[in-house]
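Structural overview
Below are the chains, spelled out letter by letter.
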Amino acid sequence: MFSGRELDMNRLSTEEGYSDLDEKCSRIYVKDIMETRPVTIKADDSVERVLEVFNENEFHTYPVVEDNGDFLGIIDQNIILQLLLTHRVSRLDHTHLMAVKSLSEFARGIMIPHPVTIPPEMDLCEVAEIMIKHKVDRFCVVDNDKLVGIICKPDVIKAIYSLRG
């Protein structure tokens, strides 16, 4: 059985461990661990090409960019499933926007425009906190309107795990 003093000391050393991890974590930046060459979709790619990209790769989300690298939006698996199985989508989801997307011929017409992005200078603790709080699995990393990378929850987990020492 522990005395009150021993319990406080155990709690303190645990808090110090977390504090140490927080300190280490705050010195690592998104730009240090992000994928700098993500598979992207061009805004003017055909919907058929987008389907091919999803079929050829195993990612959940793809950034959509202009030819000059400007970041425009994302296309995720939900959009692809809705396009492939429009007739099976709930009637509640049959909106004007869904109709427009189902008729679109290019990536620009089916993408989610202006998703939440993060800067490359955000620290690891901040991005982890946002991912936890808002249940986000990945972010596009944007600097001066240009896509510079993508970071996913497994990247963050691996980086924090390696800092535990």
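The coordinates are above.
Not measured: the values here are computed from a predicted model.

**Concerning the overall build of the chain**
- Each helix and strand in the chain was counted, giving eight helices and seven strands.
- The burial tally for the chain puts 33% of its 165 residues in the buried class.
- Considering only residue pairs separated by 6 or more positions, the chain has 58% of its internal contacts joining residues 24 or more positions apart.
- Working note: accessible area of the chain is about 11000 Å², and carbon and sulfur atoms make up 53% of it.

**As for the nonpolar core**
- Of all hydrophobic cores here, the largest spans 17 residues; its most connected members are Val30, Ile118, Leu124, Val127, Phe139, Ile151 and Val156.
- Listing elements by their share of this core, those giving two or more residues are helix H1 (4-25), helix H7 (124-134), strand E6 (138-143) and helix H8 (153-163).
- Per-element accounting of this core gives the leading share, four residues, to H7.
- Grouped together as the second largest cluster of nonpolar side chains are 16 residues, Val53, Leu72, Leu83 and Ile110 included.

**A word on the pattern of salt bridges**
- Applying the stated criterion across every chain yields a total of eight salt bridges.
- For Lys24, the salt bridge goes to Asp20, with nearest N and O atoms at 3.5 Å. Here Lys24 and its partner Asp20 are both found in helix H1, four residues apart, which amounts to about one turn of the helix.
- The closest approach of N and O atoms between Arg108 and Glu66, which form a salt bridge, is 3.3 Å. Residue Arg108 is found in helix H6 (residues 107-110), and its partner Glu66 is found in the loop between strand E2 (61-65) and strand E3 (71-76); the two are separated by 42 residues along the sequence.
- The class for Arg108 is partly exposed, based on a relative accessible area of 37%.

About the thresholds
- Residues numbered from 1 in each chain as written.
- Predicted model: local features only at pLDDT ≥ 70, side-chain atom pairs only at ≥ 80, totals over all residues.
- Heavy atoms only, no water.
- Helix = DSSP H or I, 4+ residues; strand = E, 2+ residues; numbered from the N terminus.
- Buried < 20%, exposed > 50% of the residue type's maximum accessible area, 1.4 Å probe, protein only.
- Contact = heavy atoms within 4.5 Å.
- Areas by Shrake-Rupley, 256 points an atom, 1.4 Å probe, with all protein chains shown as cover.
- Core = buried A, V, L, I, M, F, W, Y, C linked by side-chain atoms within 4.5 Å.
- Salt bridge = Lys/Arg side-chain N within 4 Å of Asp/Glu carboxyl O.

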